[in-house]
Amino acid sequence: MIPGEMTLCEVFMSQFSLKMEIADNRFFTGESLPLFSRTEAQKARAFHKKLAGYEPTPLCDLKDLAAYIGVKNILVKDESKRFGLNAFKMLGGVYAIANLLCEKYGVAVEDFTFDLIKRTIKEPMTFATTTDGNHGRGVAWAAKQVGQHAVVYMPKGSAQERVDHILALGAECIVTDMNYDDTVRLTMKMAEERGWYIVQDTAWEGYTKIPTWIMQGYATLADEAVEQMQAMGIKQPTHVLLQAGVGALAGGVLGYLVDCFGAKNLHSIVVEPDQADCIYRSGVAGEMVNVGGDMRTIMAGLACGEPNPLGWPVLRGCTTQFISCHDKVSALGMRVLGNPLGDDPRIISGESGSVGTGVLAAVRHHPDRAALMARLGLDEQSVVLVINTEGDTDVAHYREVVWEGKHPACG
């Protein structure tokens, strides 16, 4: 090194403390569920492979960021590249709708094509759902592909850009004056009254089949990631950070990874916004705990207060730790991914997609970094898998955070 030249780590030595509550899982058993296995994930992926435009989303190896954080690898599965929809959610919605239609009309899902189903459907159908944006867009896209209608309800405060994305796909979109969970109840009521088919990524008594298909559809991204890791010469991740709203993504992906590698061989961390941390609170209590109120968080896709009872058993049994964190952690992740170190690729990540990376960056800059690294089991041999679940689905807010410094780490 040239005398007087600073190293990369010396350049970035500012310290700040962001709110992150970490809870170890006292109820860990390591038991997974056959519903969310590698076999089921590969069935879903075989279905997705037949869709026009399918290709695995990138698994980005952020080597320079990993060196800066102090781990071996940071692998970011970039779902902003999924089918041109800027988010992972369609994986679940289209798989569920396909299974629903195949079951209704006696078609094997292995034989499913949009053209076949269009010719088979004998009566107009309406698919209804509640969304913070990405799930509704996926349902609207799937409904359009089979020539049917979608009605999408969104909670109060939903970004107009997310509404416009749904409208552009020909769906009806209604923004309520309620929070997410109350909007789900409204959707159920309207669907029952009008004979609509609900396509929701959470479950309740008497409604489990469709959310199971949705969770299995999400696991396609995990099957891709494991295949991509092995192509890189990486046998498996040591850590995975999974964001949770109702816990459908986290449960589906964790179930797959546990089936592949074993729960005791994987340090799994579920992350949520502190204003909507139902999974964190459930993890502490050992049973499902609901969170009410407005749930004001920039992580719109995670602003859910009631755990999915299908995903909860997997999360309770197989999660290593739960984290409840401030919005500033997510904003930090957005900036880190959008302004990469060295030769790392640039990743556009929205508020719900960036929180896992934000946790890693917040730990790196924390005054008690060494203690937090040890608490999370992170060291120079760690291979960390992170899911970027969405891109800039709200461009205006993305720029406010990344360009204008909204929700700063310091101050």
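Just so it is clear, the model here is predicted, and its values are computed rather than measured. (Residues numbered from 1 in each chain as written. Predicted model: local features only at pLDDT ≥ 70, side-chain atom pairs only at ≥ 80, totals over all residues. Heavy atoms only, no water.)

Draft legend 1. A look at the packing of aromatic side chains. Using the criterion set out here, one finds 9 aromatic pairs in the structure. With centroids separated by 4.8 Å and ring planes inclined at 65 degrees, the aromatic side chains of Phe88 and Tyr218 adopt a geometry described as edge-to-face. Here the residue Phe88 occupies a position in the loop between strand 3 (73–78) and helix 4 (90–105), and Tyr218 occupies one in helix 9 (residues 209–218), the gap between them amounting to 130 residues. When sorted by exposure, Phe88 lands in the same class as Tyr218, which is buried. Look at Phe114 and Trp141: their rings are 6.0 Å apart centre to centre, the planes differ by 85 degrees, and that puts the pair in the edge-to-face class. (Phe/Tyr/Trp six-rings, centres within 6.5 Å; stacked < 30°, edge-to-face > 60°. Helix = DSSP H or I, 4+ residues; strand = E, 2+ residues; numbered from the N terminus. Buried < 20%, exposed > 50% of the residue type's maximum accessible area, 1.4 Å probe, protein only.)

Draft legend 2. View of the environment of Pro345. Of note, Pro345 is situated in the loop between helix 14 (327–338) and helix 15 (355–365). Along the sequence, Pro345 and His366 sit 21 residues apart, while their C-alpha atoms lie 25 Å from each other. Residue contacts for Pro345: discarding those within four places in its chain leaves Cys60, Asp61, Leu62, Leu337 and Pro340. (Contact = heavy atoms within 4.5 Å.)

Draft legend 3. Here's a closer look at the sheet that holds strand 7 (residues 197–198). Pairing in this open sheet of 4 strands is parallel, and the strands run 6-5-4-7 from one edge to the other. Pairing within the sheet leaves two strands with one partner each, and these edge strands are strand 6 (172–175) and strand 7. Here 2 bridges tie strand 4 (residues 126–130) to strand 7, and the two strands are oriented parallel to one another. Within strand 7, the position partnered with Ala128 by the bridge is Ile198. Packed onto the sheet, helix 6 (residues 134–145) meets strand 4 and strand 5 (149–154) and runs at close to 170 degrees relative to strand 4. (Pairing = 2+ DSSP bridges. Axes fitted to C-alpha atoms, helices over the stretch in contact; angles between N-to-C directions.)

Draft legend 4. Structural view of unusual backbone geometry. Backbone geometry places Asn86, a non-glycine residue, at a positive phi of 70 degrees. Tracing the backbone shows Asn86 in the loop between strand 3 and helix 4. One non-glycine residue, Met295, lies in the positive phi region at around 50 degrees. Along the chain, Met295 turns up in the loop between helix 12 (278–285) and helix 13 (312–318). Residue classification places Met295 among the buried positions, given a relative accessible area of 6%.

Draft legend 5. Main features of the side chain of Lys89. Among the structural elements, Lys89 can be located in the loop between strand 3 and helix 4. Lys89 gets classed as buried once you look at its relative accessible area, which sits at 14%. Every residue in contact with Lys89, bar those within four places of it in the chain, is listed here: Asn134, His135, Asp201 and Tyr218.

Draft legend 6. Region of interest: the sheet that holds strand 2 (residues 59–61). Pairing is mixed in the open sheet, where 7 strands are placed in the order 1-10-9-8-11-3-2. In the strand order of this sheet, the two ends are held by strand 1 (20–24) and strand 2, each with one partner. For this sheet the average axis-to-axis angle between neighbouring strands, irrespective of direction, equals 20 degrees. Pairing between strand 2 and strand 3: 3 bridges, direction antiparallel. Pairing of Asp61 across the sheet is with Leu75, part of strand 3. Contacts from helix 12 reach strand 1, strand 9 (267–273) and strand 10 (321–325), with the element oriented near 135 degrees to strand 10.

Draft legend 7. A look at the packing of helix 10 (residues 220–231) against helix 11 (residues 248–261). Closest axis-to-axis distance for the helix 10/helix 11 pair is 9 Å, and the angle between their directions is 40 degrees. Considering their axes alone, helix 10 and helix 11 lie oblique with respect to each other. The way helix 10 lies across helix 11 gives a crossing that is right-handed. Facing Leu221, Ala222, Asp223 and Val226 of helix 10, the residues of helix 11 in contact are Leu249, Val253, Tyr256, Leu257 and Phe261. Residues belonging to the contact of helix 10 with helix 11 are distributed by class as follows: 8 nonpolar, no polar and 1 charged. (Parallel < 35°, antiparallel > 145°, perpendicular 65-115°, else oblique. Left-handed = near helix turned anticlockwise from the far one by under 90°. Nonpolar A, V, L, I, M, F, W, Y, C, P; charged D, E, K, R; others polar.)

Draft legend 8. Structural context of the layout of surface pockets. One number sums up the size of the largest pocket: a volume of about 430 Å³. Contributing to the lining of the largest pocket are 20 residues, with Lys156, Gly157, Ser158, Thr297 and Ala300 lying nearest its centre. A class-by-class count of the residues in the lining of the largest pocket yields 8 nonpolar, 5 polar and 7 charged. (1 Å grid on protein atoms, 1.4 Å probe; cavity = no way out; pocket = protein on both sides within 12 Å on 5 of 7 lines; lining within 4 Å. Points joined across faces, edges and corners; volume = space filled by probe spheres on them.)

Draft legend 9. Geometry of empty space enclosed by the protein. All told, the structure shown has 2 cavities of 30 Å³ or more when counted by the stated rule. In this structure, the largest cavity is lined by 25 residues; those nearest its centre are Phe88, Lys89, Asp201, Gly301 and Leu302. Elements that contribute at least two residues to the lining of the largest cavity include exactly helix 6 and helix 11. With 3 residues, helix 11 is the single largest residue contributor to the lining of the largest cavity. Looking at the lining of the largest cavity residue by residue, the class counts come to 10 nonpolar, 11 polar and 4 charged. There is about 40 Å³ of room inside the second largest cavity. Looking at the second largest cavity, the residues that line it are Leu85, Ala87, Lys89, Met90, Asn134, Arg137 and Gly138. Broken down by element, the residue count for the lining of the second largest cavity peaks at 3 residues, all from helix 6. Here the lining of the second largest cavity is composed, by residue class, of 3 nonpolar, 2 polar and 2 charged.

Remember that the coordinates give geometry; whether it matters functionally is a separate question.
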